[in-house]
Amino acid sequence: MSYYLYWGKAKPSDEGNSCHLLPYHSLDVAAVGWYLLAPDRPLAQCLSHQLDLSPEALRRLLVFLLGLHDLGKFSRAFQSLARPADPDLVPPIKQMAYTERHDRLGALLWQSCWIEWWRDGVLGGDGELPPRRERRQLADGLRALLAPMFGHHGQPVDAGQLNADQFFGDDEHASDKEVARRFVADWVMLIEFELPLDKLVSVEWREIFLTLSWTVAGWATLSDWLGSNRDHFAYCQKAMPLADYWPIALDRADRALMETGFAQPPEPVPYAGLASWFEGQSITPTPLQREAEILALGDGQQLFILEDVTGAGKTEAACILAQRLLAAGHGEGLYFALPTMATSNAMYERLGHLHRRFYTEASRPSCVLAHGARELNDTFMKAVAAEQPEDRDYADDDMTATTRCNRWLADSRKKSLLADVGVGTIDQALMGLLPFRHQSLRLYGLARKVLIVDEVHAYDHYMQTLLNQLLAHHARQGGSAILLTATMPVAMREALASAWRGGLGKQPVALQEDAFPLLTQVGDDLERETPLATRPEVSREVGIDWLANEEQALDIVMAAVEAGECVAWVRNTVDDAIRAYEQLCQHHPDPERCLLFHSRFAMVDRQRIESDVIERLGKASTPDRRRGQVLISTQVFQESLDCDVDLMISDLAPIDLLIQRAGRLQRHVRGPRRAPVLSVLAPEWSDEPDAQWLKRALPGTQAVYRDTSLLWLTQRVLRELGAIRMPDEARLLIEGAYGLVADLVPDGLQEARWEQRGMQGVAVSMANFNALSLERGYLRQPEIDQWQEELEIGTRLVDEPTLNVALLKCTADDELTLWVEGERHAAMLSQVKLRQSQAEKLADLPVGFQAKWEALQEHYKALRFTRPWLVEADTACAYDAQWGVRFSSNTDNQGDGRESA
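Note that the structure is a prediction, hence the values are computed from the model and not measured.

So, on to helix H30 (residues 750-770). The end-to-end C-alpha distance of H30 is 30 Å, a good match for the 30 Å that 21 residues give at a rise of 1.5 Å each. Taken together, the buried positions of H30 are occupied by Ala752, Arg753, Gln760, Ala763, Ala767 and Asn770. Here the buried residues of H30 occupy an arc of 115° about the axis, which is enough to place them on one side. Those residues of H30 that are exposed and aimed more than 90 degrees away from the buried face are Glu751, Trp754, Glu755 and Phe769. Buried-residue contacts for H30 involve helix H18 (461-476) and helix H28 (708-721).

Attention now moves to helix H10 (residues 242-260). With 19 residues, H10 should reach 27 Å at 1.5 Å per residue; the first-to-last C-alpha distance of 26 Å fits that figure. Looking one or two places after H10, you find glycine 261, whose phi comes out positive at around 90°.

Before going further, it helps to examine the pattern of salt bridges. Using the criterion set out here, one finds 51 salt bridges in the structure. Taking the shortest distance from any N to any O, the salt bridge between aspartate 644 and arginine 626 comes out at 3.3 Å. Here aspartate 644 is found in the loop between helix H24 (636-640) and strand E13 (647-651), whereas its partner arginine 626 is found in helix H23 (residues 623-626), with 18 residues between them in sequence. For the residue pair aspartate 644 and arginine 626, the accessibility class agrees, reading buried in each case. Aspartate 844 serves as the salt-bridge partner of arginine 867, at 3.2 Å between the closest nitrogen and oxygen. Of this pair, arginine 867 sits in strand E19 (residues 867-870) while aspartate 844 sits in the loop between helix H32 (836-839) and helix H33 (850-859), placing them 23 residues apart in sequence.

As a further point, take the nonpolar core. Residues Val613, Ile632, Phe637, Leu678, Ile724 and Trp869 are the most contacted members of the largest nonpolar core, which totals 106 residues. Discounting chain neighbours no more than four positions away, the residues touching phenylalanine 637 are Ala568, Val570, Phe597, Val613, Leu631, Cys643, Met648 and Arg664. Membership of the second largest hydrophobic core comes to 95 residues, among which are Leu21, Leu51, Met96 and Phe150.

This structure, assessed with the given rule, holds 16 aromatic pairs. Seen in terms of ring centroids, tyrosine 24 and tyrosine 245 are 4.5 Å apart; in terms of plane orientation they differ by 20°. Their pairing is stacked. Here tyrosine 24, found in helix H1 (residues 22-36), pairs with tyrosine 245, found in helix H10; they are 221 residues apart in sequence, far enough to count as distant. The buried category is assigned to tyrosine 24, whose relative accessible area is 0%. A relative accessible area of 0% means that tyrosine 245 is categorised as buried.

With that settled, consider the side chain of arginine 571. Secondary-structure assignment places arginine 571 in the loop between strand E10 (567-570) and helix H21 (574-587). Within polar-contact distance, the side chain of arginine 571 engages the backbone oxygen of aspartate 576 at 3.4 Å. Residue contacts for arginine 571: discarding those within four places in its chain leaves Glu550, Asp576, Ala577, Arg579, Ala580, Ile632, Ser633, Thr634, Gln635, Asp651, Leu681 and Leu698.

The next subject is a nonpolar patch on the surface. Among the surface-exposed residues, Val762, Met766 and Leu797 lie close enough to one another that they form a single nonpolar patch of about 220 Å² accessible area. Turning to its location among the elements, leucine 797 is positioned in the loop between H30 and strand E16 (802-810).

As a packed pair, H18 and H30 sit with axes 8 Å apart at the nearest point and diverge in direction by 40°. On the basis of the axis angle, H18 is oblique to H30. As for how H18 packs across H30, the hand of that crossing is right-handed. Between H18, through His461, Tyr462, Thr465, Leu466 and Gln469, and H30, the contact on the second element is made entirely by Gln760, Ala763, Val764, Met766, Ala767, Asn768 and Asn770. Taken together, the residues of the contact of H18 with H30 sort by class into six nonpolar, six polar and no charged.

In this section: the side chain of glutamine 521. As for its placement among the helices and strands, glutamine 521 is situated in strand E7 (residues 518-523). Given the relative accessible area of 1%, glutamine 521 is considered buried. Within polar-contact distance, the side chain of glutamine 521 engages the backbone oxygen of alanine 296 at 3.1 Å. Among the polar contacts listed, one links the side chain of glutamine 521 to the side chain of glutamine 302, at a separation of 3.1 Å. Among residues more than four places away in sequence, those in contact with glutamine 521 are Leu295, Ala296, Leu297, Gly298, Gln302, Leu303, Phe304, Leu526, Glu527 and Arg528.

Time to look at the packing of helix H5 (residues 102-119) against helix H7 (residues 176-191). Viewed as axis vectors pointing N to C, H5 and H7 meet at an angle of 60°, and their least axial separation amounts to 11 Å. Read as a crossing pair, H5 and H7 show a hand that is right-handed. The residues of H7 that touch H5, namely those facing Leu109, Cys113 and Trp117, are Lys177, Ala180, Arg181 and Val184. Its residues assigned to classes, the contact of H5 with H7 shows five nonpolar, no polar and two charged.

Checked against the element boundaries, glutamate 349 lands in helix H13 (residues 341-351). Between the C-alpha atom of glutamate 349 and that of alanine 481, which follows or precedes it by 132 residues, the distance is 22 Å.

What follows covers empty space enclosed by the protein. Scanning the model with the defined rule gives five cavities of 30 Å³ or more in all. Estimated volume of the largest cavity: approximately 340 Å³. Contributions of two or more residues to the lining of the largest cavity are made by helix H15 (401-410) and helix H17 (439-446). Taken as a whole, the second largest cavity encloses approximately 80 Å³ of empty space.

Our next topic: the pairing of strand E6 (residues 480-485). Burial of E6 is extensive: six of the six residues sit out of reach of the surface. Burial of the side chains of E6 extends over both faces: Ser480, Ile482 and Leu484 are buried on one face and Ala481, Leu483 and Thr485 on the other. Note that strand E1 (residues 303-307) and E6 share five bridges and pair parallel. The partner of glutamate 307 across the bridge, within E6, is threonine 485. Bridge analysis of strand E5 (residues 449-453) against E6 gives four bridges, and the strand direction is parallel. Looking at E6, one finds that leucine 451 is bridged to alanine 481. With H18 bridging E5 and the parallel E6, this β-α-β connection has right-handed handedness.

Conventions used here
Residues numbered from 1 in each chain as written. Predicted model: local features only at pLDDT ≥ 70, side-chain atom pairs only at ≥ 80, totals over all residues. Heavy atoms only, no water. Helix = DSSP H or I, 4+ residues; strand = E, 2+ residues; numbered from the N terminus. Expected span 1.5 Å × (residues − 1). Buried < 20%, exposed > 50% of the residue type's maximum accessible area, 1.4 Å probe, protein only. Arc of directions from axis to C-beta. Contact = heavy atoms within 4.5 Å. Salt bridge = Lys/Arg side-chain N within 4 Å of Asp/Glu carboxyl O. Core = buried A, V, L, I, M, F, W, Y, C linked by side-chain atoms within 4.5 Å. Phe/Tyr/Trp six-rings, centres within 6.5 Å; stacked < 30°, edge-to-face > 60°. Polar contact = N/O pair within 3.5 Å; in protein donor to acceptor, adjacent residues only side chain to side chain. Patch = residues over 30% accessible without salt bridge, like charges linked within 9 Å, V, L, I, M, F, W, Y side chains within 5 Å. Areas by Shrake-Rupley, 256 points an atom, 1.4 Å probe, with all protein chains shown as cover. Axes fitted to C-alpha atoms, helices over the stretch in contact; angles between N-to-C directions. Parallel < 35°, antiparallel > 145°, perpendicular 65-115°, else oblique. Left-handed = near helix turned anticlockwise from the far one by under 90°. Nonpolar A, V, L, I, M, F, W, Y, C, P; charged D, E, K, R; others polar. 1 Å grid on protein atoms, 1.4 Å probe; cavity = no way out; pocket = protein on both sides within 12 Å on 5 of 7 lines; lining within 4 Å. Points joined across faces, edges and corners; volume = space filled by probe spheres on them. Pairing = 2+ DSSP bridges. Right-handed = clockwise from strand over helix to strand, strands pointing away.

See the structure below:
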């Protein structure tokens, strides 16, 4: 009974010892892959073009190989995991232990048997092997083709030095290798494919396939995930020929893809003007948006870099380009990547249902928010469960097709990039470059998408290096990208464009234009730089006033309060913000109009404060509500909240951050106000500062921005220009701090500058070391194993690890409970993120509560990997909703850092 082999998804106790015959599961997965690689799909056509195979030949080749993904389960060692009651199922061999995963055993069986199968004609053809000099090329080609299939569990596998006889048995019941051979032979006959021998022995062709193998691996993984779902693929124990089961598998696969949203990519519609997006409104495109509407799209994948001031409509311009690219066949979906969770939430809210305008009404594109705290976004969670009008013929107790699709895509961040439209952190895309399990699923999701990266200037050298590699890979896979920025240095623009061109196998670009605003377009044989005009209403001049100490800053705040104005003071560290807030509350006539906002609040209070800030200072805030309001904040204020104030004070920071902060100064049109002025708290100016120049005035700031020369250059260019004039002097401001200015740095700051340059070099090296060598393909590299589970890597390089701390309290009857009770997502709302050294200052959980804490962790999945903190038991540190986490002494002057995904 050669086909009566157990497929190991069911447990022996599951539904009366039910099981699925292994060949049928293999065909279930292959059937899903068959539809996902339909010849009319753009991804199939892209792969077909690059691999020089017809779409139909490509599909039959890859689907045949996909059918072999579980060859390792023919091992009697694997079969020993089951104790089936059915006497027809192959019995275990006692001495064979299952010590290697089945995916690796599949690679081992292929390595051991492929030559024999070739000679026997099992793999098709006449059984004639190529000459010895080409045989090695053939083996390498087949290994490359099969690696994505055997690596369907999220990382590549390699047989190494394993011995097949230790895992594949041969007794009176069955020979595992012979059963596998017969399955392969039957599968070859059914799928009717031919191995492209001329391609397989070509080194050049193999190298092309290797660059594409990550996408193929994602396709194989997705096919396995869908094909393993028992809701769609019921277990089959009735023996039948593969040819009889194949139509059954295809029918089930078709229904599975319909319910999960993968049956057909959404159908794009041509861009028809902004009025088609915003019905009933008369909208005049900005100069940037107009250029996005009329520029000529090149052939193939393209990169666009949009540089313009805040308020120029960069997001809408990116959407215009995206819709045009989709309609021209240059993509199937899009992903908005942003620097933080807060900016991701803001973009998700801003887009609303706009993405539906890019496609036909019947398409119903899926849209997913992708970051680590998306469950706390009410708009997203409502959208997950939303149904469309045409879904409503379902029974009341049945989930609609749209809801099934939304929930399937939303139940794991690994799947988020598979949605037609995604909004989330850049980290979700960068994880595709790093050796995280199932990273190929992310790259598959990004392939043939338009990748839109907002605030591209906001990333450090580590993330910029990863982003360059992502752009190069995205170009190789046939995707297009749009990058948005208001404050990008020229050198960064050149690096991004060169990375893109490198992915296309072209020489670096030689960009010449230094105008601002600017739209840069780069393609295969296309380089275009288009200077743009600016609308008068977004041209701004913000004066600069210098403050020497905190007392001066406090005096200015109180003078503004007396004049009925609202004020924001943006500080560089949490502890500086807390100290300023404490002083302010002592002087303000109405302390209720003072608000503190920083990153050391539990999520429940952070959400409350964000809403409070919007209500007090947002676009819809009234004059009475705004009067006398003072916000003391760290950089969390400038990142996502659509607010504005009459007067702003900022600690000295790099020029791009000061420009960003100034964007919250008189942002909205209101009644008569004073001329906008940004007051900057900074050290007294010195042409020849010493190494302690910054630390004497702002010790916390120096702990955050260790390259004191960057802040000195910022102060220098602002003193020279006297104001922030955007866009007229945007290049002068940015290049005055980030350009070719090394000769201007005083001797006293050179050590800090060179130390920071060394740190930046380390960051670049770390990024290159951590990132997978995508051009080498989805193969286990023998010289270094990057896939070790214990390796700790991330999309961001931090000086110190961070920990999620779960705030706890005691009930009246001495039970341990979460800080937030009785609310959805209470476990996440009760958490605050701290650096490891900060978390170590907190009191340990009393021993008597340990068992109760473990019970809480068992109940709330979100508490895994968190550190417990029983606030009332801590005599040194404290927490409350007004101040956040406070330590016994404010000696912790490190900065906020950016929020992680």
